[in-house]
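Coordinates in review
Single-letter residue listing:
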Amino acid sequence: MLKFADWLQTISLIAVVVALLLNYRQARETAKQATEASKQVAISVSVMRQDAYREVTNYGANFNSILFQSGDDLLSWFLSSRGVRTGSHEYNLRAMFMFVRMDVHESLFLSNRGTLLDEDAWNAWKNVIEADASTPEFRAVWQVVANHYVASFGEFVNSVIRAQDAPAGASAGGDR
């Protein structure tokens, strides 16, 4: 028969096992919460970065709106200071419009890359970028200001232009 001391040791052992199991479960739950919190922090950081970049883009677009309303002297000065060829006031307005559009395109490109933009919305806007990139004004401005944009956006726009410039049957044949 078990002595009183043996009973106490058995009860103590059971209590330690139960405590360890509870501790393990609590540690597991804490780890899950920490993982979820880290995901939330990563999302918050991504959103803050995107918001910061959007603010820069909006600032530039708002600032550039002054140029649309100015006389041609200021508009010509701005474009030429960026290396963009200037011409008539109407040409300069078109070039400036394309410059501003590039800012918007880049912002949406980065939103898509950061998974902050719905894929359907991106695909629709991608068509807009492709339409803009097919215009002589876009290409003339892009040629000199491409380095004003993040490299991944530059690569994307250049790939759109290359695809547009490819001979009609070149992409259909593919590499087989």
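Attention in this report is confined to the structure presented alongside it. None of these values were measured; they are calculated from a predicted model.

Looking at the pattern of salt bridges
- Using the criterion set out here, one finds 5 salt bridges in the structure.
- When the shortest N-O distance is used, the salt bridge between Glu-29 and Lys-32 registers 3.7 Å. On the criterion of helical spacing, the pair formed by Glu-29 and Lys-32 is a turn pair, its members being 3 residues apart in helix α1 (residues 4-69).
- Ionic pairing is found between Asp-165 and Arg-139, a salt bridge with its closest N-O pair at 2.7 Å. Linking Asp-165 in helix α6 (residues 151-165) with Arg-139 in helix α5 (residues 136-145), this pair joins segments that are 26 residues apart in sequence.
- Put simply, Glu-90, Arg-94 and Glu-137 are held in one network by salt bridges that share partners.

A word on the side chain of His-105
- Mapped onto the elements of the fold, His-105 is located in helix α3 (residues 89-113).
- At 2.7 Å, the side chain of His-105 and the side chain of Asp-132 are in polar contact.
- Here His-105 is in contact with Trp-125, Val-128, Ile-129, Asp-132, Phe-138 and Phe-153, once residues within four sequence places are set aside.

Conventions adopted
- For every chain, the first residue of its written sequence is number 1, and the numbers climb from 1 along that sequence.
- A pLDDT threshold of at least 70 governs which residues receive local features in this predicted model, and a stricter bar of 80 or more applies before side-chain atom pairs are shown or counted, although totals over entire chains, interfaces and linings include all residues.
- No hydrogens and no water enter the side-chain calculation; it runs on all heavy atoms of the structure.
- Basic side-chain nitrogens of Lys or Arg form a salt bridge, by our definition, when they fall within 4 Å of a carboxyl oxygen of Asp or Glu.
- Under the scheme used here, helices are H or I runs from DSSP no shorter than 4 residues and strands are E runs no shorter than 2 residues, and both carry numbers assigned from the N terminus.
- The term polar contact refers here to a pair of N or O atoms within 3.5 Å; inside protein, the definition further demands a hydrogen-donor-capable atom paired with an acceptor-capable atom, and it admits residues adjacent in sequence only when both atoms are side-chain atoms.
- Note on contacts: a residue pair is in contact if any heavy atoms of the two residues lie within 4.5 Å.

Any functional reading would require information that these geometric values do not contain.
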